[in-house]
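Observations on the three-dimensional arrangement
Chain by chain, the residues:
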Amino acid sequence: MTVHRVLRVVTYNVKFGKHIDRAISVLTTRAPLPGADIIVLQEMDAEGTRRIAEALGMSWVYYPAVVHPKAARQDFGNAVLSRWPIIADEKLMLPYIAGMRSSQRIATAATILVDTIRVRVYSAHLGTQTEIRPSKRREQANTILANAAGYSLVIVGGDMNSHGVGKEFVAGGYQWPTEHNGFTSTFFNWDHIFLKGFGAPLPDGAKVTGIVRDTLGTSDHDPVWAVARLP
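The rules we used
- Residues numbered from 1 in each chain as written.
- Predicted model: local features only at pLDDT ≥ 70, side-chain atom pairs only at ≥ 80, totals over all residues.
- Heavy atoms only, no water.
- Helix = DSSP H or I, 4+ residues; strand = E, 2+ residues; numbered from the N terminus.
- Rg over C-alpha atoms; globule rule 2.2 N^0.38 Å.
- Buried < 20%, exposed > 50% of the residue type's maximum accessible area, 1.4 Å probe, protein only.
- Contact = heavy atoms within 4.5 Å.
- Lys, Arg positive; Asp, Glu negative; His and termini not counted.
- Charge placed at Lys NZ, Arg CZ, Asp CG, Glu CD.
- Phe/Tyr/Trp six-rings, centres within 6.5 Å; stacked < 30°, edge-to-face > 60°.
- Lys NZ or Arg CZ within 6 Å of the ring centre and 35° of its normal.
- Pairing = 2+ DSSP bridges.
- Axes fitted to C-alpha atoms, helices over the stretch in contact; angles between N-to-C directions.
- Core = buried A, V, L, I, M, F, W, Y, C linked by side-chain atoms within 4.5 Å.
- Polar contact = N/O pair within 3.5 Å; in protein donor to acceptor, adjacent residues only side chain to side chain.

Another aspect to go through is the overall build of the protein chain. What the protein chain contains, in helices and strands, is four helices and 11 strands. A compact globule built from 231 residues should have a C-alpha radius of gyration of about 17 Å, and the protein chain, at 16 Å, falls within 12% of that. Looking at the protein chain as a whole, 53% of its 231 residues are labelled buried. Partitioning the intrachain contacts of the protein chain with sequence separation of at least 6 by distance along the chain shows that 69% fall at a separation of at least 24. Counting 25 positive and 20 negative side-chain charges, the protein chain places the centres of these two groups 2 Å from one another.

Set out below in structure tokens:
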């Protein structure tokens, strides 16, 4: 059996899970997003996740975190979509109930079977700058790292609400392809993808990450993509 050696990964915060039809248009028309193998979504609900996954012909798993007061929806959480079978999944509770809204943060985890290779994927949405201190955000990142410790191939993507928290993943042995991207939200580079156990970057000149700027008004965050090269 031929093993596919390169996976294209996308993280996309669809603000409050609104404008799903527009989000589908972004994912199906804005290069290179239509070639995505794995998509991690934040600020979603179950119905919006289902619609996007069905439009893209992908497997999916979604877990709610909270009922958000501004979202006007029953639930609000993270999702993982995959062109490959999802053979296991988990809702990972992150530490600290934050802020006046008592917001719970989670990571949605999925184990994906790429041909015969197992890849663990996390869709994360860490606490905001106004909710928790940087030290607590680092603890949230380390909760994901601890959960992923038993897996040899790991992808973590999402809205980290921080750039510096990436150092926690680097210290844990992860590649950080999105480190030097431009801003992804207002003036901040907060949406990231981290890789553990994957091969060296692609040959010189090959682009390994990027940002899609035209979101059709679906979000205050831009979708970010990166290439993961299987070892």
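The discussion continues.
Before going further, it helps to examine the packing of aromatic side chains. Applying the stated criterion across every chain yields a total of five aromatic pairs. Between F16 and F76 the ring centres are 6.2 Å apart and the planes differ by 50°, which places this aromatic pair in the tilted class. With a gap of 60 residues between them, F16 in the loop between β1 (6-13) and α1 (20-29) and F76 in strand β4 (residues 76-82) connect regions that are remote in the sequence. Judged on exposure class, the residue F16 and its partner F76 are both buried. Relative to W190, the ring of F188 has its centre 4.5 Å away and its plane inclined at 10°; by these criteria the two rings are stacked. The class for F188 is partly exposed, based on a relative accessible area of 40%. Counting every residue linked through ring pairs, the aromatic cluster contains F169, Y174, W176 and F194. Positioned over the ring face of W225 is R8, at 4.8 Å from the centre of the ring. Positioned above the aromatic ring of F183, the side-chain terminus of R213 is 4.2 Å from the ring centre.

Here we take up the sheet that holds strand β9 (residues 191-196). If you trace the five strands from one edge of the open sheet to the other, you get β5-β6-β7-β8-β9, paired in mixed fashion. Each edge of the open sheet is held by one strand with a lone partner, namely β5 (86-93) and β9. Averaged over all neighbouring strand pairs, the angle between strand axes comes to 15°, with direction disregarded. Strand direction decides the pairing type here: strand β6 (residues 106-114) and strand β7 (residues 117-125), joined by eight bridges, are antiparallel. Note on β7: the bridge partner recorded for T111 is R120.

Moving on, we come to the nonpolar core. The tendency in soluble globular proteins is for nonpolar side chains to be buried side by side. One finds Y12, I39, L41, I52 and L81 to be the most contacted residues of the largest nonpolar core, which totals 23 residues. Residue assignment for this core shows that the elements contributing at least two residues are β1, α1, β2 (38-44), α2 (46-56), β4 and β11 (224-229). The leading source of residues in this core is α1, at five residues. For Y12, the residues in contact, after removing those within four places along its chain, are A23, V26, L27, V40, L41, Q42, T215, T218, S219 and P223. L7, V9, A226 and L230 belong to the second largest nonpolar core, which has 21 residues in total.

Right, let's get into the environment of D89. The topology assignment puts D89 in strand β5. In this structure the C-alpha to C-alpha distance between D89 and T111, which are 22 residues apart in sequence, comes to 6.1 Å. Excluding residues within four positions of it along the chain, D89 makes contact with V61, Y63, A109 and A110. A distance of 2.5 Å separates a polar atom in the side chain of D89 from a polar atom in the side chain of Y63.

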